[in-house]
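# Close look at the chain arrangement
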Amino acid sequence: VSEVRANFNSNMTRSKGWRLEQLEAFERMLTEGEAELCEAIHKDLHKSRFDALWQEIAGTRMEIWEMKHNLDKFMEDEIVNSGPINAGSTSYIQKDPLGVVLILGAWNYPI
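Residue indices begin from 1 for each chain and proceed along its sequence in written order. Two thresholds apply to this predicted model, a pLDDT of at least 70 for residue-level local features and 80 or more for giving and counting side-chain atom pairs, whereas whole-chain, interface and lining totals are computed over all residues. Hydrogens and water are ignored here; the side-chain numbers use all heavy atoms of the structure.

Take the pattern of salt bridges next. Salt bridges are counted wherever a side-chain nitrogen of Lys or Arg sits within 4 Å of a carboxyl oxygen of Asp or Glu. The tally for this structure, following the rule as stated, stands at eight salt bridges. Among the ionic pairs, E34 bridges to R61, the shortest N-O distance being 3.3 Å. Here E34, found in helix α3 (residues 34-45), pairs with R61, found in helix α4 (residues 49-75); they are 27 residues apart in sequence, far enough to count as distant. E39 is the partner of K43 in a salt bridge, and the nearest nitrogen-oxygen pair spans 3.3 Å. Of this pair, K43 and E39 both sit in helix α3, four residues apart, which is roughly one turn of the helix. Within the structure, one salt-bridge network assembled from shared partners comprises E34, R49 and R61. Where helices and strands are cited, they refer to DSSP runs of H or I of at least four residues and of E of at least two residues respectively, numbered from the N terminus.

All right, on to a nonpolar patch on the surface then. A cluster of nonpolar side chains, contributed by V4, V101 and I103, occupies part of the molecular surface with about 310 Å² of accessible area. Topologically, I103 is positioned in the segment after β2 (91-93). Patch criteria: residues need more than 30% relative accessible area and no salt bridge. Like-charged residues are merged within 9 Å; nonpolar side chains of Val, Leu, Ile, Met, Phe, Trp and Tyr are merged within 5 Å. Accessibility throughout is a Shrake-Rupley quantity obtained with a 1.4 Å probe, and a residue counts as covered only by protein chains that appear here.

This part takes up the nonpolar core. With five residues, the main nonpolar core is built from C38, I41, A52, L53 and I57. Counting only elements with at least two residues in this core, the list comes to α3 and α4. Per element, the largest residue contribution to this core is three residues, and it comes from α4. Throughout this description, the term nonpolar core refers to a set of buried Ala, Val, Leu, Ile, Met, Phe, Trp, Tyr and Cys residues connected via side-chain atoms within 4.5 Å. The buried label goes to any residue with under 20% of its type's maximum accessible area, the exposed label to any with over 50%, and the partly exposed label to all in between, with areas taken from a 1.4 Å probe on protein chains only.

Right, let's talk about the side chain of E34 for a bit. What qualifies as a polar contact is a pair of N or O atoms within 3.5 Å, subject to a donor-acceptor requirement within protein and to the restriction that residues adjacent in sequence count only when both atoms come from side chains. Polar contacts involving the side chain of E34 include one to the side chain of R49, which spans 3.1 Å. Of note is the side chain of E34, whose polar atom sits 3.3 Å from the side chain of R61. Leave out the neighbours within four places in its chain, and E34 touches M29, R49, L53, I57 and R61. By definition, residues are in contact when any of their heavy atoms lie within 4.5 Å.

Structure follows, in C-alpha coordinates:
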(Lines give C-alpha, C1' and ligand atoms only; values in the text may rest on other atoms or scores of the structure.)
Protein backbone atom coordinates (compact mmCIF):
# COMPACT_ATOMS: atom_id res chain seq x y z
CA VAL A 1 0.00 0.00 0.00
CA SER A 2 2.92 2.37 0.63
CA GLU A 3 3.91 2.30 -3.06
CA VAL A 4 0.32 3.02 -4.14
CA ARG A 5 0.11 5.85 -1.59
CA ALA A 6 3.40 7.32 -2.86
CA ASN A 7 2.07 7.25 -6.44
CA PHE A 8 -1.14 8.93 -5.32
CA ASN A 9 0.73 11.60 -3.35
CA SER A 10 2.89 12.36 -6.41
CA ASN A 11 -0.31 13.35 -8.31
CA MET A 12 0.57 10.96 -11.14
CA THR A 13 -2.81 9.22 -10.79
CA ARG A 14 -4.67 12.39 -11.75
CA SER A 15 -3.57 12.53 -15.37
CA LYS A 16 -5.62 11.16 -18.23
CA GLY A 17 -2.55 9.41 -19.59
CA TRP A 18 -1.96 7.47 -16.39
CA ARG A 19 -5.60 6.44 -16.18
CA LEU A 20 -5.56 5.25 -19.81
CA GLU A 21 -2.42 3.23 -19.08
CA GLN A 22 -4.19 1.52 -16.19
CA LEU A 23 -7.20 0.67 -18.34
CA GLU A 24 -4.94 -0.65 -21.10
CA ALA A 25 -3.03 -2.78 -18.56
CA PHE A 26 -6.33 -4.20 -17.31
CA GLU A 27 -7.35 -4.97 -20.89
CA ARG A 28 -3.97 -6.62 -21.53
CA MET A 29 -4.41 -8.74 -18.38
CA LEU A 30 -7.74 -10.00 -19.72
CA THR A 31 -6.14 -10.92 -23.03
CA GLU A 32 -2.97 -12.49 -21.66
CA GLY A 33 -4.77 -14.28 -18.83
CA GLU A 34 -7.83 -15.34 -20.79
CA ALA A 35 -7.17 -19.08 -20.47
CA GLU A 36 -6.56 -18.84 -16.71
CA LEU A 37 -9.65 -16.68 -16.20
CA CYS A 38 -11.83 -19.09 -18.19
CA GLU A 39 -10.47 -22.01 -16.18
CA ALA A 40 -11.14 -20.25 -12.87
CA ILE A 41 -14.67 -19.33 -13.94
CA HIS A 42 -15.25 -22.93 -14.96
CA LYS A 43 -14.01 -24.20 -11.57
CA ASP A 44 -15.99 -21.64 -9.56
CA LEU A 45 -19.17 -21.25 -11.59
CA HIS A 46 -19.15 -24.33 -13.86
CA LYS A 47 -19.40 -22.13 -16.95
CA SER A 48 -18.06 -23.28 -20.30
CA ARG A 49 -15.23 -21.38 -21.98
CA PHE A 50 -17.74 -19.85 -24.40
CA ASP A 51 -19.97 -18.66 -21.55
CA ALA A 52 -16.99 -17.29 -19.62
CA LEU A 53 -15.77 -15.39 -22.66
CA TRP A 54 -19.13 -13.90 -23.63
CA GLN A 55 -20.85 -13.48 -20.27
CA GLU A 56 -17.90 -12.38 -18.16
CA ILE A 57 -14.78 -11.35 -20.07
CA ALA A 58 -16.50 -9.62 -23.00
CA GLY A 59 -18.60 -7.58 -20.58
CA THR A 60 -15.51 -6.43 -18.74
CA ARG A 61 -13.83 -5.53 -22.03
CA MET A 62 -16.87 -3.45 -22.98
CA GLU A 63 -16.70 -1.61 -19.64
CA ILE A 64 -13.01 -0.85 -20.28
CA TRP A 65 -13.86 0.37 -23.79
CA GLU A 66 -16.56 2.64 -22.40
CA MET A 67 -14.24 4.05 -19.75
CA LYS A 68 -11.50 4.73 -22.31
CA HIS A 69 -13.87 6.46 -24.73
CA ASN A 70 -15.64 8.54 -22.07
CA LEU A 71 -12.68 9.35 -19.84
CA ASP A 72 -12.64 13.02 -20.83
CA LYS A 73 -16.31 13.36 -19.89
CA PHE A 74 -15.82 11.48 -16.61
CA MET A 75 -12.87 13.71 -15.67
CA GLU A 76 -14.27 17.12 -16.63
CA ASP A 77 -15.60 19.51 -14.01
CA GLU A 78 -19.37 19.52 -13.62
CA ILE A 79 -21.06 22.90 -13.30
CA VAL A 80 -23.79 22.88 -10.65
CA ASN A 81 -26.30 25.37 -9.33
CA SER A 82 -24.73 27.82 -6.87
CA GLY A 83 -28.02 28.52 -5.11
CA PRO A 84 -29.68 31.86 -4.42
CA ILE A 85 -27.18 32.95 -1.75
CA ASN A 86 -24.30 32.67 -4.20
CA ALA A 87 -26.14 34.09 -7.23
CA GLY A 88 -23.78 35.32 -9.89
CA SER A 89 -21.05 32.86 -8.99
CA THR A 90 -20.10 29.61 -10.63
CA SER A 91 -19.95 26.39 -8.68
CA TYR A 92 -18.68 23.10 -9.94
CA ILE A 93 -17.78 19.61 -8.85
CA GLN A 94 -14.13 18.87 -9.45
CA LYS A 95 -13.72 15.14 -10.11
CA ASP A 96 -10.33 14.40 -8.59
CA PRO A 97 -9.33 11.16 -6.88
CA LEU A 98 -9.40 11.58 -3.11
CA GLY A 99 -8.03 8.26 -1.91
CA VAL A 100 -5.46 5.62 -2.55
CA VAL A 101 -7.57 2.77 -3.95
CA LEU A 102 -10.99 2.57 -5.55
CA ILE A 103 -12.59 -0.85 -5.67
CA LEU A 104 -15.81 -1.33 -7.60
CA GLY A 105 -17.53 -4.67 -7.69
CA ALA A 106 -20.78 -6.51 -7.84
CA TRP A 107 -21.75 -9.80 -6.29
CA ASN A 108 -22.80 -11.25 -9.64
CA TYR A 109 -19.87 -10.07 -11.76
CA PRO A 110 -16.92 -12.39 -11.11
CA ILE A 111 -14.23 -10.56 -13.06
